[in-house]
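An overview of the molecular structure
Chain residues, written in single-letter form:
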Amino acid sequence: MVRSVNAVNNDDTANGGVTDAEWAHARLGAWWEANARDLPWRFGRATPWGVLVSEVMSQQTQMSRVVPYWTDWMRMWPDAAALAGASTAEVITAWGRLGYPRRALRLQECARVVADRWHDDLPRGYDDLIALPGIGDYTASAVMSFAYGERIAVIDTNIRRVLSRLFLGVESRGGSASPAERDLANRALPRDARRSVTWNQSVMELGAVVCTAKTPLCDACPVRDRCAFLAAGRPGLGERRTRPRQRFAGTDRQVRGLVLDALRGLPDGETSLPRAQLEALWADRVQLDKCVASLDDDGLIEMLPDGAVRLPR
């Protein structure tokens, strides 16, 4: 049975004067202290800019894959001004196999605005952050919480899944966050700013390593005793939004990735990929040409008169 969202109000005095939310705050806070993964941008070891870079890199990418890229990236370009001055080819090469390489170009656009308009200091306000190129609600909220310690609900797929299961007993089906999900996240947020940061981090971490989409580790969950989803028999476990997951093999995304990988892997001294080597990457010439053209349109490569391609300079 679905519980009312009112069950998580911070002023609810059920359960002997302790609300479901307050109980979960304490349980997950203790779990976080003992089990949080030691990622290099956590625990105050990264600048606000470093936190923003980690959030952009982590979109649709596993944290374990992000760590080495983030470490190398921050060593090369420790602040926005440094990244703003890099060449496009350097940026695309350093992005490597993180996927969705347009994120790298948008991150550099963001760096240029921060360097020029904000004198290399990442702005502290939500409205100013969300106005930066490539920065949406989630990233702006994450920077506000994790970098600046502000009380703000951070809402990503993991957090939505955990909150929906724990407090409402239903599965979160993905897609864009609904008004009801945003309301739930705000109701569950601790009033104290410092505790709200720990809450955001711990709920996100729980969703990443314990309360996973398809195979949650309920026996190891620190809030299983009051989890409405577990009590209801985990109804609809693993249900996703109706749109099917896109396959990768044979897609334009795969072809685009092959072209970029070939350019990143050119031997020292070579700056372009000849047409013959380009055509050897993919048998379907029509699809290959379409993908090369789209990479050029996106500013990720440059097409040369002889049919060769290269990374932008």
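Residues numbered from 1 in each chain as written. Predicted model: local features only at pLDDT ≥ 70, side-chain atom pairs only at ≥ 80, totals over all residues. Heavy atoms only, no water.

1. Description of the overall build of the chain
If you tally the helices and strands in the chain, you get 16 helices and three strands. Taking the principal axes of its C-alpha atoms as reference, the chain extends roughly 75 × 45 × 30 Å. Residue burial in the chain is summarised as follows: out of 313 residues, 48% are buried. Accessible surface computed for the chain: about 15,500 Å², of which carbon and sulfur atoms make up 51%. Side chains of the chain carry 41 positive and 39 negative charges; the gap between the two charge centres is 6 Å. (Helix = DSSP H or I, 4+ residues; strand = E, 2+ residues; numbered from the N terminus. Buried < 20%, exposed > 50% of the residue type's maximum accessible area, 1.4 Å probe, protein only. Areas by Shrake-Rupley, 256 points an atom, 1.4 Å probe, with all protein chains shown as cover. Lys, Arg positive; Asp, Glu negative; His and termini not counted. Charge placed at Lys NZ, Arg CZ, Asp CG, Glu CD.)

2. Describing the pattern of salt bridges
Tallying each qualifying case throughout the model produces 20 salt bridges. A salt bridge links Asp20 to Arg226; the shortest N-O distance between them is 3.6 Å. In this pair, Asp20 sits in helix α2 (residues 20–35) while Arg226 sits in the loop between α12 (193–209) and α13 (228–231), placing the two residues 206 residues apart along the sequence. Since its relative accessible area comes to 26%, Arg226 is described here as partly exposed. Between Asp261 and Arg97 there is a salt bridge, with the nearest N and O atoms lying 2.2 Å from each other. (Salt bridge = Lys/Arg side-chain N within 4 Å of Asp/Glu carboxyl O.)

3. Let's talk about the domain arrangement of the chain
Assigned domains within the chain: domain 1 (21–35 + 153–232), domain 2 (48–148) and domain 3 (252–310). Averaged C-alpha coordinates put domain 2 and domain 3 at centres separated by 26 Å. At the interface, nine residues of domain 2 touch seven residues of domain 3. Between domain 2 and domain 3, roughly 790 Å² of surface is buried when both sides are summed, and carbon and sulfur atoms account for 56% of that area. In terms of surface lost to domain 3, no three residues of domain 2 exceed Ile92, Pro101 and Arg102, which account for 46% of the buried area on that side. Scanning the region where domain 2 abuts domain 3 turns up two salt bridges. Here domain 2 is connected to domain 3 by three residue pairs in polar contact (both at pLDDT 80 or more). When residues of the side of domain 2 that touches domain 3 are traced back to their parent elements, those giving at least two are α6 (88–95) and α7 (102–117). In terms of residue count, α6 provides more of the side of domain 2 that touches domain 3 than any other element does, three residues in total. (Domains from an automatic or database assignment. Contact = heavy atoms within 4.5 Å. Buried area = accessible area lost by both parts, 1.4 Å probe. Polar contact = N/O pair within 3.5 Å; in protein donor to acceptor, adjacent residues only side chain to side chain.)

4. Concerning the UniProt feature "domain: HhH-GPD" (unreviewed entry) in the chain
UniProt tags residues 57–209 as "domain: HhH-GPD" (unreviewed entry). With 65% helix and 0% strand, the stretch residues 57–209 has end C-alpha atoms that lie 18 Å from each other. (UniProt positions renumbered as here; feature names shortened; annotations may be inferred.)

5. What about the nonpolar core?
Within soluble globular proteins, side chains that are nonpolar generally end up buried alongside one another. Trp49 and Trp73 are the most contacted members of the largest nonpolar core, which totals 71 residues. Here this core spans two domains, and each of domain 1 (21–35 + 153–232) and domain 2 (48–148) adds at least three residues to it. The contacts of Trp49, once residues within four sequence positions are left out, are Met74, Trp77, Pro78, Asp79, Ala80, Leu83, Leu107, Cys110, Ala111, Val114 and Leu122. Among the nonpolar cores identified, the runner-up in size contains 20 residues, and Leu263, Leu288, Val292 and Ile301 belong to it. (Core = buried A, V, L, I, M, F, W, Y, C linked by side-chain atoms within 4.5 Å.)

6. So, α2
With 16 residues, α2 ought to run about 22 Å at 1.5 Å a step, and its terminal C-alpha atoms sit 22 Å apart, in line with that. All of the buried residues along α2 are Asp20, Ala21, Trp23, Ala24, His25, Leu28, Gly29, Trp31 and Trp32. (Expected span 1.5 Å × (residues − 1).)

7. Comments concerning the packing of α2 against α12
Packing of α2 against α12 brings their axes to within 9 Å, and their N-to-C directions diverge by 70 degrees. Here α12 runs roughly perpendicular to α2, going by the angle between their axes. Residue-level contacts link Ala24, His25, Leu28, Gly29, Trp31, Trp32 and Asn35 of α2 to Arg195, Thr198, Trp199, Gln201, Ser202, Val203, Glu205, Leu206 and Val209 of α12. By residue class, the composition of the contact of α2 with α12 is eight nonpolar, six polar and two charged. (Axes fitted to C-alpha atoms, helices over the stretch in contact; angles between N-to-C directions. Parallel < 35°, antiparallel > 145°, perpendicular 65-115°, else oblique. Nonpolar A, V, L, I, M, F, W, Y, C, P; charged D, E, K, R; others polar.)

8. What to know about the sheet that holds strand β1 (residues 272–273)
Reading across from one edge, β1-β3-β2 is the order of the three strands in this open sheet, with antiparallel pairing throughout. Every interior strand has two partners, whereas the edge strands, β1 and β2 (302–303), have only one. Where β2 meets strand β3 (residues 309–310), two bridges bridge the pair, whose relative direction is antiparallel. Along β3, the bridge assignment pairs Met303 with Val309. (Pairing = 2+ DSSP bridges.)

9. Things to note about α6
An α-helical turn contains 3.6 residues, so any two residues separated by three or four positions project in the same direction. The element α6 is extensively covered by neighbouring structure, given that six of its eight residues are classed as buried. Residues Thr88, Ala89, Val91, Ile92, Ala94 and Trp95 constitute the buried set of α6. Among the structural elements, α3 (48–58), α4 (63–76), α5 (80–84), α7 and α14 (252–264) are those in contact with the buried residues of α6.

10. A short note on the confidence of the model for the chain
On average, residues of the chain carry a pLDDT of 91, and 92% of them reach 70 or more. Contacts of residues 11–17 to residues separated by more than four positions or lying in other chains number 10 contacts, the stretch itself having pLDDT below 50. (pLDDT = per-residue confidence, 0-100.)

11. Notes on the side chain of Ser54
Summarising the element assignment, Ser54 is placed in helix α3. Owing to a relative accessible area of 1%, Ser54 belongs among the buried residues under this scheme. Not counting chain neighbours up to four residues away, the residues in contact with Ser54 comprise Trp41 and Trp70.

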